[in-house]
Amino acid sequence: MKHAKKIVTVCGAVVMAWSAGIAIAGVTKPGDVKFDDTKVTAPLTNEAGDAAKGKLLFSNRKKGNCLACHVNKDLADKPFHGEIGPPLDGVASRYSASEMRGILINAKVALSDETIMPGFYMVNTGARVAKKFKGKTILSAQQIEDILAYLQTLKE
Ligand code: HEC
């Protein structure tokens, strides 16, 4: 009996922490992201972004798929660079890290509400969103930080 009571207490504490909006694993939930104008200054996770992982996500068709819309000379060995968005060569010389984090999280807030660039860290609730993506973000918080670390290497 003693044992069962202990488990209930532990669960209760976790549920309380969760409902109080405390980020248990140090991850900011999409609904809790704070924009300061177009910038998001605070990292989404406690773990520093990994530029090597970000580079892979950048060209991964099922994840970032950034190459579908952006030219990037750093990935000249990869085919099919789209030209819908501006080239990202030297992008870190044009934008600060906080600005780029904002663009990645939700380009509609950070760039323009008409942009076709997807919001990579916002919850999709639209009627035309496929069931498996409903309520989910395209990228995870850590993947945003990884791509951001990679973008910061693109200097002119
Ligand atoms: C469906 C096309 C599309 C995809 C996919 C896309 N973008 Fe974009 N992006 C755009 C467009 C279009 C713009 C220009 C903003 C506008 O709409 O006026 C843009 C702008 C940007 C900018 C600002 C660049 C500048 O010089 O002003 C950055 C940075 C950026 N995108 C990064 C990314 C990254 C990183 C990814 C992948 C995670 C990505 N984009 C995926 C279409 C896309």
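Along each chain, numbering runs from 1 in the same order as the chain's sequence is written. Local features are withheld for residues below a pLDDT of 70 in this predicted model, meaning they are given only at 70 or higher, and side-chain atom pairs are given and counted only at 80 or more; totals for whole chains, interfaces and linings count all residues.

## A short note on the overall build of the protein
Helix and strand definitions here come from DSSP, where helices need a minimum of 4 consecutive H or I residues and strands a minimum of 2 consecutive E residues; each element is numbered from the N-terminal end. Counting its secondary structure elements, the protein contains six helices and zero strands. Listing each helix as α and each strand as β along the protein from the N terminus yields α-α-α-α-α-α. Our exposure labels follow a C-beta count within 10 Å of each residue's own C-beta, placed from the backbone: buried means 20 or more other C-beta atoms, exposed means 12 or fewer, and partly exposed covers the counts in between. Here the protein holds 156 residues, and 24% of them are scored as buried. Placing a C-beta atom from the backbone of each residue, one calls two residues in contact when those atoms lie within 7 Å. Residue pairs in contact within the protein that sit at least 24 positions apart in sequence constitute 52% of those at least 6 positions apart.

## A closer look at the site of the ligand
Residues are counted as near a molecule or strand when the C-beta atom, derived from backbone positions, lies within 6 Å of that molecule or strand. Near the ligand lie 24 residues; those nearest to it are Gly-64, Cys-66, Cys-69, Gly-85 and Thr-115. Those elements that place two or more of their residues in the shell around the ligand are α3 (91-94), α4 (97-105) and α6 (141-151). If one sorts the elements of the shell around the ligand by residue count, α4 sits on top with three residues. Classifying every residue of the shell around the ligand gives 17 nonpolar, six polar and one charged. When residue character is reported, Ala, Val, Leu, Ile, Met, Phe, Trp, Tyr, Cys and Pro are called nonpolar, Asp, Glu, Lys and Arg charged, and the others, Gly included, polar.

## So, the nonpolar core
Each nonpolar core comprises buried Ala, Val, Leu, Ile, Met, Phe, Trp, Tyr and Cys residues, the members being joined through C-beta atoms within 7 Å. Ranked by size, the top nonpolar core spans 23 residues in total, and within it Leu-104, Tyr-121, Ile-144, Ile-147 and Leu-151 carry the most contacts. For this core, the elements supplying multiple residues, two or more each, are α2 (51-59), α4, α5 (107-110) and α6. With six residues, the top contributor of residues to this core is α6. Not counting residues up to four positions away in its chain, the partners in contact with Leu-151 are Val-91, Ala-92 and Met-100.

## Concerning the packing of α4 against α6
Axis angle and axis distance: for two packed helices, these are the angle between their axes and the distance between the axes, and together they describe the pair. The N-to-C vectors of α4 and α6 enclose an angle of 135°; their axes lie 10 Å apart at closest approach. By the criterion of interaxial angle, the relationship of α4 to α6 is oblique. Judged by the sense of rotation from one axis to the other, the crossing of α4 with α6 is right-handed. Across the interface between the two elements, Ala-97, Met-100, Arg-101, Leu-104 and Ile-105 of α4 pack against Ile-144, Ile-147, Leu-148 and Leu-151 of α6. Axes here mean lines fitted to C-alpha atoms, for a helix over just the part in contact, with angles spanning 0 to 180 degrees between N-to-C directions. The labels follow the angle: roughly parallel below 35 degrees, roughly antiparallel above 145, roughly perpendicular from 65 to 115, and oblique for the rest. Left-handed describes a crossing in which the near helix is turned anticlockwise from the far one by less than a right angle; the clockwise case is right-handed.

## Description of α4
Of the positions making up α4, those classed as buried are Met-100, Arg-101, Gly-102, Ile-103, Leu-104 and Ile-105. As for α4, its buried residues are in contact with α5 and α6.

## So, the confidence of the model for the protein
Averaged over all residues, the pLDDT of the protein equals 86, while 83% of them reach at least 70. Within the model, pLDDT remains below 50 along residues 14-24, and this stretch shows five contacts once partners closer than five positions in the same chain are excluded. Each residue carries a pLDDT value, the predictor's own confidence for that position, ranging from 0 to 100.

## A closer look at the packing of α2 against α6
The geometry of α2 relative to α6 is characterised by a closest axis approach of 7 Å and an angle of 100° between their N-to-C directions. Of the possible angle classes, the one that applies to α2 and α6 is roughly perpendicular. Contacts between α2 and α6 pair Ala-51, Lys-53, Gly-54, Lys-55, Leu-57 and Phe-58 from the former with Gln-143, Asp-146, Ile-147, Leu-148, Ala-149 and Tyr-150 from the latter. Classifying every residue of the contact of α2 with α6 by side-chain character gives seven nonpolar, two polar and three charged.

## Some points on unusual backbone geometry
Unusually for a residue other than glycine, Asp-37 sits at a positive phi of about 60°. You can see Asp-37 is positioned in the loop between α1 (2-19) and α2. Its 10 C-beta neighbours within 10 Å are what place Asp-37 among the exposed residues. Of note, Phe-80 is a non-glycine position whose phi angle comes to about 60°, a positive value. In this structure, Phe-80 sits in the loop between α2 and α3.

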